[in-house]
Amino acid sequence: MKRTRFNDGWQFREKVNPFAELAGASTPYQDVALPHDATIGRDRDPQGEPAVAYFPGGAYQYRKTFHAPADFATKRVVLGFEGVYRDAMVYINGDLAGRRPNGYSAFSVNADQFLRPGEENEIIVEARANQDSRWYTGAGIYRDVWLLTGEGVHVTVDGLRVTTPDVEAEGAIVEVATTVENAGIRPQTVEVRVALTDPQGAAAASGVAVVTVPARASAVSRQRLYVPTPALWSAESPTLYTATAEIIADEQATDVVSTHFGIRRLQLDPVHGLRVNGRSVKLRGACIHHDNGILGSATFAAAEERRIRLLKEAGFNAIRSAHNPMSSALLDACDRLGMYVMDETFDMWTSTKTAYDYALNFAEWWERDVAAMVAKDFNHPCVIMYSIGNEIPETGSPTGGVIGRNLAEKVRELDPTRFVTNAVNGMLAVIDDLKRMSAERGAGADDGAGINTLMSGPGEFMNMIGASPLVTERTAESFGVLDVAGMNYLDSRYVMDQELFPNRIIVGTETFPAHIDHNWRLVRENPHVIGDFTWTGWDYLGEVGIGRPQYLTGESDAPSFAGPFPWIAAWCGDIDLTGDRRPASYYREIVFGLRSAPYIAVHRPGHEHDTFHAGPWSWSDSIASWTWAGHEGRPLTVEIYTDADEVELRLNDRPIARAAAGAANRYKAEFIVNYEPGELVAVAYRDGAPAERHSLRTASGSPELTVSAESGAPRGNLSDLVFVPVSLSDSDGNVFTDADGIITVDVTGAGVLQALGSGNPAPEHTYRTASHRTFDGRALAIIRPTGAGPITVHVSASGCAPVTLTVQSEPARGDEPALESVVAG
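On a predicted model such as this, the values are computed, not experimentally measured, just so you know. (Residues numbered from 1 in each chain as written. Predicted model: local features only at pLDDT ≥ 70, side-chain atom pairs only at ≥ 80, totals over all residues. Heavy atoms only, no water.)

A. View of the sheet that holds strand E32 (residues 622–623). With respect to topology, 4 strands assemble into an open sheet ordered E32-E30-E33-E36, the strand pairing being antiparallel. Pairing within the sheet leaves two strands with one partner each, and these edge strands are E32 and strand E36 (668–674). Sheet topology places strand E33 (residues 635–641) next to E36; 7 bridges connect them, and they run antiparallel. Following the sheet pairing, Ile-640 is matched in E36 by Ala-669. Against the sheet, helix H14 (residues 583–591) makes contact with strand E30 (599–603), E32, E33 and E36, and its axis sits at roughly 145° relative to E30, the strand it touches most. (Pairing = 2+ DSSP bridges. Helix = DSSP H or I, 4+ residues; strand = E, 2+ residues; numbered from the N terminus. Contact = heavy atoms within 4.5 Å. Axes fitted to C-alpha atoms, helices over the stretch in contact; angles between N-to-C directions.)

B. Broad picture of the state of the cysteines. Taken as a whole and judged by the stated rule, the model has 0 disulfides. As a non-bridged cysteine, Cys-287 has Cys-572 as the owner of its nearest cysteine sulfur, 9.6 Å distant. Taking the relative accessible area as the measure of exposure, Cys-287 reaches 0% and is therefore buried. (Disulfide = S-S within 2.5 Å. Buried < 20%, exposed > 50% of the residue type's maximum accessible area, 1.4 Å probe, protein only.)

C. View of the confidence of the model for the protein chain. Chain-level pLDDT for the protein chain is 94 on average; 96% of the residues reach the 70-or-more range. Contacts of residues 443–456 to residues separated by more than four positions or lying in other chains number 23 contacts, the stretch itself having pLDDT below 50. Of the regions scoring below 50 in pLDDT, residues 814–825 engages in 34 contacts with residues more than four places distant in sequence or in other chains. (pLDDT = per-residue confidence, 0-100.)

D. Region of interest: H14. Counting buried positions over the 9 residues of H14 gives 9, a clear majority of the element. Buried within H14 we find Pro-583, Ala-584, Ser-585, Tyr-586, Tyr-587, Arg-588, Glu-589, Ile-590 and Val-591. Backbone geometry just after H14 places Gly-593 at a positive phi near 80°.

E. Representation of the packing of aromatic side chains. Counted according to the given criterion, the structure contains 31 aromatic pairs. Ring geometry for Trp-520 against Phe-592: centres 4.7 Å apart, planes inclined by 65°, an arrangement best described as edge-to-face. Of this pair, Trp-520 sits in helix H13 (residues 516–525) while Phe-592 sits in the loop between H14 and E30, and the two are 72 residues apart along the sequence. Seen from their ring centres, Tyr-587 and Tyr-667 are 6.4 Å apart, and the 85° between their planes marks the pair as edge-to-face. Of this pair, Tyr-587 sits in helix H14 while Tyr-667 sits in the loop between strand E35 (654–660) and E36, placing them 80 residues apart in sequence. Tyr-667 carries the same exposure label as Tyr-587, and that label is buried. Through pairs of rings, three or more aromatic residues link up here, namely Tyr-586, Tyr-587, Tyr-599, Trp-619, Tyr-641 and Tyr-667. Sitting over the ring of Trp-619, Lys-668 keeps its end group 4.6 Å from the ring centre. (Phe/Tyr/Trp six-rings, centres within 6.5 Å; stacked < 30°, edge-to-face > 60°. Lys NZ or Arg CZ within 6 Å of the ring centre and 35° of its normal.)

Below, the structure written as structure tokens:
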């Protein structure tokens, strides 16, 4: 079917009670362009729920009026929604045409019987979000919408599927299954012509099959095509081919559809671990949420690609979607850039984690939602594994074993080419037993804070429970239905399970960031342990402050799980909300063996007399800066990360100290240095000889605005973005991390300001205003093109000369029409 983006011309408002409207109450619609997050622009409530970043819930309506051509009377017409959060209700000309409770599943609505061809038509989409998640979800039509049209005989939605069952160096079999639908009242015999092309567009293989499709039914054409000497897809070499299927009826083409795919072979065993194209691969994994930082939950292809590019540059080769199916745009980026994917279904099955979450819909909808995820993922070579759940309490019970087996077998039925896992938390699997034992000991009732509060205790306690015979017994069936045992915070089981369950293959589906040196050693040394996924690779909205530094000022002061208002982010990502790498990211890169140079991180001063509390998701309260005006002569703590045997710290060409480092010292050395401006240098020593260096310089003079646009000319469509980093720097590019100020961004021409913010996990401003305070001297402006032509970005700040930047927006592609005007959503 022909796909056309259907993102423009929408309007939005908070849902109004129709009876109140009759009485005169009215909330006007405002113009918006999709994708759109209905929550991110709302005022936060200081008394609200920290899990969702203090944003309120709500119900929302979207409206679009469009003219349906007269020839729609003879066509199949489908509306495709990639994601509506949540409890979506779709009305066409006043009639309910479709619904979807799950806020992360793609779904289609057959519009034929509801449309009025040759007339104006109205589409209303309702969405609501309230007390249904443990993190920030956003709300509304936050992913793309498509209009799909087809002739009487056409390829169904997601009806072109490609697999590579046999892959050798000299040749590969590519199997192309094309599902053809006949909407007519008589059988139709058609030709299905399939062509495969390589990345350069050259023909790789082709075939033709004759298919008779019964009236008002569908039929599958399955063709096995041989591709000689194929270029194989992997994270290191992400080669993509294109498959095109053409339907020929009465010597006329009635439909043409295409998809990208990769040729690759997956193998899994406890001796070699995971193999891709015959080579053993260890997954350097990052868990990520679906939000895009200061953009909220709105899914833009440009933002998804940027996120994958930065994660890969930071050393990751795999991502896990936590805890829901990821967007098609993110999968496209993983295909192109080379990133392995574990796509996840659910955060709950039948046991609720919040008042009104998906557990209320699971029994009725799980099969359809699993099918939607598999259909979305099927042709993406990046997807190597499906996860059927995250920290599901039922995994410790026989009922959970039954549900897990049903889920796993449904996935295998739909897609036998990938592996199945489940992110099991051993403590949560036996939580009822722990509560009972606690009550029997008279320890008091549970405080109601849930699993995260329990897990915020020492990791050693988590591992003690996870390694217990009780967890071994209770999780045996749930692990037994899987191809890969996914373990959340269960590294204590990695070695012991090799003896207890010699055929068990393990992946660390969620791990504490500060434990990466220990965990990665276990991954390297044990072939049955195929990787580690840290919590998290990219910071996210909600679960505010779980990784924040906490300074305790007295004996009565106690740490807390959530950060107080105005905290908005979890602050546990290797990369912050705007894409800047934090010190933990460089440490991880060194542990992975991907960075030879040392890295310097300096503790923020001002808490020398307080007790630092590090929670399980915390890192040290440090940044890579040697600019600390007002602290001259005072001692600062300096961390150096390196895999070298020793490291020397030098200040202004003077040696300060030399210390042991490397793996034996957890890749760290720590120094106390009296601050003086200048240059701080770390010199790695290998076998007694100086080697790589890393240095920090003090910013000097007066701050200047440094403004640039990240590479790549944007296209004037609704899915592209321009990312404009802003910093307060000196003439040599050294950032004034200690002199934050308000910046103001004004955009004119063929674009609008979509978001303005920083990596600050507790900002004083929203992301929808034209002014924002920098954080550690940095901010990010995101511009949304509205058409072809120049976009002028004017940035100003008190005490700095303003800077004007011009970016040229290129014409939109044919399926992405430019808009004359667009309101940032």
